[in-house]
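The residues making up each chain are set out below.
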Amino acid sequence: MNESLKREHDIIKVCLLAGKIMLQSGAETYRVEDTMMRIAASFGVTNSHSYMTPTGIIFSVEEPQHITRLIRISDRTTNLDKIEKVNSVSRKISLGELTIEEAYQALQQIEQEPSIYPNWLLILLSAVASGCFLIMFRGIWADFLPAAVAGGLGFSCFVVMHRVIPVRFFAEFSGALVIGIVSVWLVNLGIGQELDTIIISSVMPLVPGLLITNAIRDLMAGHLISGLSKGAEAFVTSFAIGAGVAFTLSF
């Protein structure tokens, strides 16, 4: 492999790794494509093309040789910290502060970084958020604690089930199911009063708000397939949450 061809392959590797991290972390499709093409242009590849869906990225360059690569995206979450770090690397590349090798190493470090928020903190914040949502929905202060307990336990179940069965539908269904059971149990004990407000507030941490927002933004930007795919994923998530709560209330 000559030097020019090796450089081209290295540039594609950097672009794909940057796109992979951003897409896995919840970035919008058009933002990922723009970042990848800017990185390629900064390294001298002006004629590049990218196409992506929520489950894969296709990246191609035409000069000096036509090369097309595909990378699979198997897991997606929300991590705005990693998106910001990739954007920072992209800006440094544009300013000429990083070589191809340095950029690839920096992106590898970002990819391998664990989440900055441990699970116990996410569960705690979900509990607090559930209680705050209850107040926002004009619930009574006496139901703040029941909503926080139900929301925290439901999110805990979601985290555990997602580790055991890496299918979001079952994890979200299980989390909503636990929220429904705990909410009904607390109301029957007399600890909670307004069952509907407690349940609605407790499931809010599970609601795919960012996914819905990205779906609309992708549709508005003209990325129809990505927008429809994310919209369908948000619908399935919402259905899982509703089914979990409905299953509890039906009994």
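Source: prediction; values computed, not measured.

**Examining the layout of surface pockets**
Of the voids in this model, the largest pocket is the one considered here, and its volume is about 1,500 Å³. Of all the elements in the fold, those that place two or more residues in the lining of the largest pocket are helix H1 (3–24), helix H3 (80–94), helix H5 (119–136), helix H6 (144–164), helix H7 (168–188), helix H9 (209–220) and helix H10 (224–249). Classifying every residue of the lining of the largest pocket gives 21 nonpolar, 13 polar and 11 charged. Both of domain 1 (3–112) and domain 2 (119–250) provide at least three residues apiece to the lining of the largest pocket. Volume-wise, the second largest pocket comes out at about 250 Å³.

**Overview of H1**
The end-to-end C-alpha separation of H1 is 32 Å, in line with the 32 Å expected for 22 residues at 1.5 Å each. With 16 of its 22 residues buried, H1 lies for the most part within the structure.

**Topic: the domain arrangement of the protein**
Domain boundaries in the protein define domain 1 (3–112) and domain 2 (119–250). The distance between the C-alpha centroids of domain 1 and domain 2 comes to 33 Å. Each side of the interface is counted separately: domain 1 has 14 residues, and domain 2 has 13 residues. Buried surface at the junction of domain 1 and domain 2, summed over both partners, amounts to about 1,000 Å²; 46% is from carbon and sulfur atoms. Here domain 1 and domain 2 share 2 salt bridges between them.

**Quick notes on the UniProt feature "transmembrane region" (unreviewed entry) in the protein**
Following the UniProt record, the feature "transmembrane region" (unreviewed entry) maps to residues 120–138, 169–191, 197–216 and 228–249 here. Note that residues 228–249 is 100% helix and 0% strand, and that its end C-alpha atoms are spaced 31 Å apart.

**Quick look at the nonpolar core**
Of all hydrophobic cores here, the largest spans 33 residues; its most connected members are Val-14, Met-36, Phe-43, Phe-59, Ile-93 and Leu-107. Elements represented by at least two residues in this core include exactly H1, helix H2 (29–42), strand E2 (56–61), H3 and helix H4 (100–112). In terms of residues, this core owes the most to one element, H1, which gives 11 residues. Not counting chain neighbours up to four residues away, the residues in contact with Phe-59 comprise Ile-12, Cys-15, Leu-16, Met-36, Ala-40, Ser-48, His-49, Ser-50, Ile-67, Thr-68 and Arg-69.

**A closer look at a nonpolar patch on the surface**
A surface patch of nonpolar side chains, amounting to about 420 Å² of accessible area, comprises Val-160, Val-164, Ile-165, Val-167 and Phe-170. Taking the relative accessible area as the measure of exposure, Val-160 reaches 47% and is therefore partly exposed.

**Digging into the pattern of salt bridges**
Close approach of charged atoms allows side chains with opposite charge to pair. As enumerated under the stated definition, the model contains 11 salt bridges in all. A salt bridge links Glu-111 to Lys-20; the shortest N-O distance between them is 3.1 Å. Residue Glu-111 is found in helix H4, and its partner Lys-20 is found in helix H1; the two are separated by 91 residues along the sequence. When its relative accessible area of 27% is taken as the criterion, Glu-111 is described as partly exposed. The partner of Glu-113 in a salt bridge is Lys-85, and the shortest N-O contact between them spans 2.8 Å. Residue Glu-113 is located in the loop between H4 and H5, and its partner Lys-85 is located in helix H3; the two are separated by 28 residues in the primary sequence. Judged by relative accessible area, Lys-85 falls into the partly exposed class, the value being 26%. Each of Glu-28, Arg-31 and Arg-217 takes part in one network of salt bridges that share partners.

**What about H4?**
Here H4 is 13 residues long and its end C-alpha atoms lie 19 Å apart, about the 18 Å a rise of 1.5 Å per residue gives. Buried residues of H4: Ile-100, Ala-103, Leu-107 and Ile-110, and no others. All buried residues of H4 fall inside an arc of 90 degrees around its axis, so they share one side. Counted as exposed and oriented over 90 degrees from the buried face of H4: Gln-109 and Gln-112. Turning to H4, the residues buried within the fold contact H1 and H3.

**Concerning the packing of aromatic side chains**
Enumeration according to the criterion identifies 7 aromatic pairs in this entry. Both rings, one in Phe-133 and one in Phe-137, keep their centres 6.0 Å apart while their planes meet at 25 degrees; by these two values the pair is stacked. For Phe-137, a relative accessible area of 33% corresponds to the partly exposed category. Here a set of aromatic residues connected by ring pairs shows up, and it is made of Phe-169, Phe-170, Phe-173, Phe-239 and Phe-247. We note Lys-13 situated over the ring of Tyr-104; from NZ or CZ to the ring centre the distance is 4.8 Å.

Reading the values: rules and limits
- Residues numbered from 1 in each chain as written.
- Predicted model: local features only at pLDDT ≥ 70, side-chain atom pairs only at ≥ 80, totals over all residues.
- Heavy atoms only, no water.
- 1 Å grid on protein atoms, 1.4 Å probe; cavity = no way out; pocket = protein on both sides within 12 Å on 5 of 7 lines; lining within 4 Å.
- Points joined across faces, edges and corners; volume = space filled by probe spheres on them.
- Helix = DSSP H or I, 4+ residues; strand = E, 2+ residues; numbered from the N terminus.
- Nonpolar A, V, L, I, M, F, W, Y, C, P; charged D, E, K, R; others polar.
- Domains from an automatic or database assignment.
- Expected span 1.5 Å × (residues − 1).
- Buried < 20%, exposed > 50% of the residue type's maximum accessible area, 1.4 Å probe, protein only.
- Contact = heavy atoms within 4.5 Å.
- Buried area = accessible area lost by both parts, 1.4 Å probe.
- Salt bridge = Lys/Arg side-chain N within 4 Å of Asp/Glu carboxyl O.
- UniProt positions renumbered as here; feature names shortened; annotations may be inferred.
- Core = buried A, V, L, I, M, F, W, Y, C linked by side-chain atoms within 4.5 Å.
- Patch = residues over 30% accessible without salt bridge, like charges linked within 9 Å, V, L, I, M, F, W, Y side chains within 5 Å.
- Areas by Shrake-Rupley, 256 points an atom, 1.4 Å probe, with all protein chains shown as cover.
- Arc of directions from axis to C-beta.
- Phe/Tyr/Trp six-rings, centres within 6.5 Å; stacked < 30°, edge-to-face > 60°.
- Lys NZ or Arg CZ within 6 Å of the ring centre and 35° of its normal.

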